[in-house]
Amino acid sequence: MSTKTIIVDGNEVKTDKEMLIDAIKDIGIKVPSLCHHPDLKPWAVCRLCIVDVDGKIVTSCNTQVREGMKILTHSERILDERKMNLKLILANHPFACESCIRNGYCELQKLAEEMNVKKEEIQGETRNLKSDYSSLSIVREPNKCILCNRCVEACDKQHISILEYNGRGFKTIIGPAFDNILSNTPCVSCGQCALHCPVAAITERNQTREVMHAVNDPTKHVVVQIAPAIRVSVGESLGLEPGTVLTEKLVTALKMLGFDAVLDTSTGADLTTMEEAHEFIERLKNNEKERLPLITSCCPGWVNYCEFFQHDFIKNMSTCKSPHMMLGALIKTYYAKEKNIDPKNIVVVSIMPCTAKKNECNRVEMKNDLMRNVDYVLTTRELASMLKMTGIKVDQLQESAFDNPIETASSAGVMFGATGGVAESVLRTAGFMLTGKKLKKLEFESLRGMKGIKIAEADLDGKKIRVAIVHGLGRTDDLLKQIKSGEVKVDLIEVMACYGGCIGGGGQPIPTTKELIQKRMDAIYKIDDNSELRTSYENPNIQSAYYKFLKEPGSDISHKYLHTRYFTRDPYNP
Ligand code: SF4
Ligand code: SF4
Ligand code: SF4
Ligand code: FES
């Protein structure tokens, strides 16, 4: 990108940014925007980002920087017109901020405050459209929609493309075609639409009330588990620096909220690693060409996508349940026995960066002995709202340890939170299973980072494994085409539906941008750098669980509780 000179509000500025909105932001001026998201293509419909370029009003989000441009970012005319545009958006918005799930982090509410615009200034016609509660993961409230197109773009980027414009003019509704409900579509529940919506028109299905009800029920023993990605991201919702690691303080906070026990899903990830590494080696040893490459299965967004759109690859999927489901199954069996608690009285709550896991925990395959492995899934955002509601200041708390007898997790398990982390963890353990020795070098740097598709060869002290890592379903579609055509040949594929992996999950704090994802990722790898326990097979709690209950990876009992099945699903008749 070549450097250009532009004049911003009378000051000469050099910039290498492509779009005007970014060049202006770079010099410390925030141009208001609603339809623009830094990780999506510009749509330019809200007209809040207008600036004056050489006497003409243009939208800065879709205007490319040109040499010598003269820009006024806040002339009287610009400020007046921006204000008018915002008033028109607000005119038919059902202002119910106090009771809205996005109260406090709604971009529209924030801009109204910053631009000093009052709802009452223009009264327009409001709409009385039906909300869509049909999905187990996502709720649509079209009355709140400001038609910014971000969700349409986010869903298109995933190659799902079920959100579109229905109707025209004032009657326009963004949603599935023919005003269908989400449960009648092949929505994979990834939540990328909710993550990118500037208002509360698409959100996660909130279950905090049900969870607090269980917590307050004295007959229930409520165990909560926290996903790897939560510890490095929830702080952002609480006003802390991105990448702040809160693991042990979160344990204290969750105890204060009333949970009876707090466990780490990274321990479940250690279990997934053991089972998946074993499964991978078995397929390699038995030369099961039909079922190789093995594709990871810990992302339910990807599982849904595979079942709807990639039927040829179902046989390649690992049969492992996702880490929180494995841990849930272990809690209602091994933990229950060790603690002498009737599993029927145990409620398992998973706090996840993920909306797809809400859908996953309702699958019939995620039940054992007539009990769900996990009863409720809350997102990072729901956890943040519970902490705010109760006034618990996580950063000011003492640290506490997770509860025994499953209190330890390896940092390999924590790496599940970032793209590439699942494969790296599996390779560390597969290396040990193949050679009987700890690998000389545990880090596989070529599998890390934000590159969309990474293809690399991993050296397990002599045994070469070809690996592909992909994050984002659109890119997964691209990669699988290359696998089918034979252009790419690998033994192991890690797929994560969300950008950056779970650290960019659909239930993560808003905003989530590439820069924030990178900071969360850095924090995850720092945990690994500083850890003394960096492999799943060395986790003493996992060793005990196998010794006392599961026997060995791939055993009948492991298969009963820790593995699952997949089905082809018709996207036109879900
Ligand atoms: S959850 Fe994912 S698949 Fe479903 S509508 Fe949103 S972006 Fe599309
Ligand atoms: S649902 Fe949200 S993201 Fe989608 S168009 Fe409406 S306001 Fe924008
Ligand atoms: S990448 Fe993580 S957050 Fe996103 S759908 Fe998959 S499991 Fe959920
Ligand atoms: S942010 Fe540029 S038109 Fe909406």
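In this text, all values refer to a predicted model and were calculated from it rather than measured experimentally.

I keep staring at the site of ligand 1 and nothing clicks. Help me out?
Close to ligand 1 lie C155, I160, I162, L163, C187, V188, S189, C190, G191 and C193. Class assignment for the residues of the shell around ligand 1 results in 8 nonpolar, 2 polar and no charged.

Explanation requested: the site of ligand 2 in the structure shown.
If you check the shell around ligand 2, you find 13 residues, and the closest are C145, C148, N149, C151 and C197. Within the shell around ligand 2, the residues separate by chemical class into 11 nonpolar, 1 polar and 1 charged.

Any chance you could explain the packing of aromatic side chains here in plain terms?
Given two aromatic rings, their pairing is described by the distance between the two centres and the angle made by the two planes. The full count for this structure, using the stated rule, is 6 aromatic pairs. Centroid distance W302 to Y305: 6.3 Å. Interplanar angle 45°. Geometry classified as tilted. Of this pair, W302 and Y305 are both found in helix α10 (residues 300–309), 3 residues apart, which corresponds to roughly one turn of the helix. According to the relative accessible area criterion, W302 is buried, its value standing at 0%. In this structure Y305 comes out as buried when scored by relative accessible area, which is 2%. Look at F432 and Y537: their rings are 3.9 Å apart centre to centre, the planes differ by 5°, and that puts the pair in the stacked class. Taken together, the residues F432 in helix α15 (residues 421–435) and Y537 in the loop between α17 (514–529) and α18 (540–550) connect sequence positions 105 residues apart. When its relative accessible area of 29% is taken as the criterion, F432 is described as partly exposed.

What is the right way to look at the pattern of salt bridges in this model?
When their charged atoms lie close together, side chains carrying opposite charge are able to pair. Applying the stated criterion across every chain yields a total of 34 salt bridges. We note a salt bridge from K144 to E141, for which the minimum N-O separation is 3.5 Å. Each of E424, R428, K441, E443, E445, R448, D528 and R534 takes part in one network of salt bridges that share partners.

Looking at this model, I keep getting lost on the domain arrangement of the protein chain. Mind explaining?
Quoted interface sizes are often the accessible area lost when the parts come together. For the protein chain, the assigned domains are domain 1 (4–90), domain 2 (127–204) and domain 3 (209–562). One C-alpha centre belongs to domain 1, the other to domain 3, and the line joining them spans 41 Å.

Help me understand the environment of G55 in this model?
Note on placement: G55 falls in the loop between β3 (50–53) and β4 (56–59). It is 8.4 Å that separates the C-alpha atoms of G55 and K70, two residues lying 15 residues apart in sequence.

For this particular structure, what's the right way to read the packing of α10 against helix α16 (residues 473–485)?
Each packed pair of helices is defined by two parameters, the angle between the axes and the distance between the axes. Contact pair α10 / α16: the axes reach a minimum separation of 11 Å and the direction vectors enclose 50°. Relative to α16, the element α10 lies oblique. For the crossing formed where α10 meets α16, the hand is right-handed. Every residue of α16 that contacts α10 at G301, W302 and Y305 is listed here: L473, T476, D477 and L480. Residues that form the contact of α10 with α16 fall into these classes: 4 nonpolar, 2 polar and 1 charged.

Rules of the game
- Residues numbered from 1 in each chain as written.
- Chains lettered and ligands numbered in written order.
- Predicted model: local features only at pLDDT ≥ 70, side-chain atom pairs only at ≥ 80, totals over all residues.
- Heavy atoms only, no water.
- Near = heavy atom within 4 Å.
- Nonpolar A, V, L, I, M, F, W, Y, C, P; charged D, E, K, R; others polar.
- Phe/Tyr/Trp six-rings, centres within 6.5 Å; stacked < 30°, edge-to-face > 60°.
- Helix = DSSP H or I, 4+ residues; strand = E, 2+ residues; numbered from the N terminus.
- Buried < 20%, exposed > 50% of the residue type's maximum accessible area, 1.4 Å probe, protein only.
- Salt bridge = Lys/Arg side-chain N within 4 Å of Asp/Glu carboxyl O.
- Domains from an automatic or database assignment.
- Axes fitted to C-alpha atoms, helices over the stretch in contact; angles between N-to-C directions.
- Parallel < 35°, antiparallel > 145°, perpendicular 65-115°, else oblique.
- Left-handed = near helix turned anticlockwise from the far one by under 90°.
- Contact = heavy atoms within 4.5 Å.

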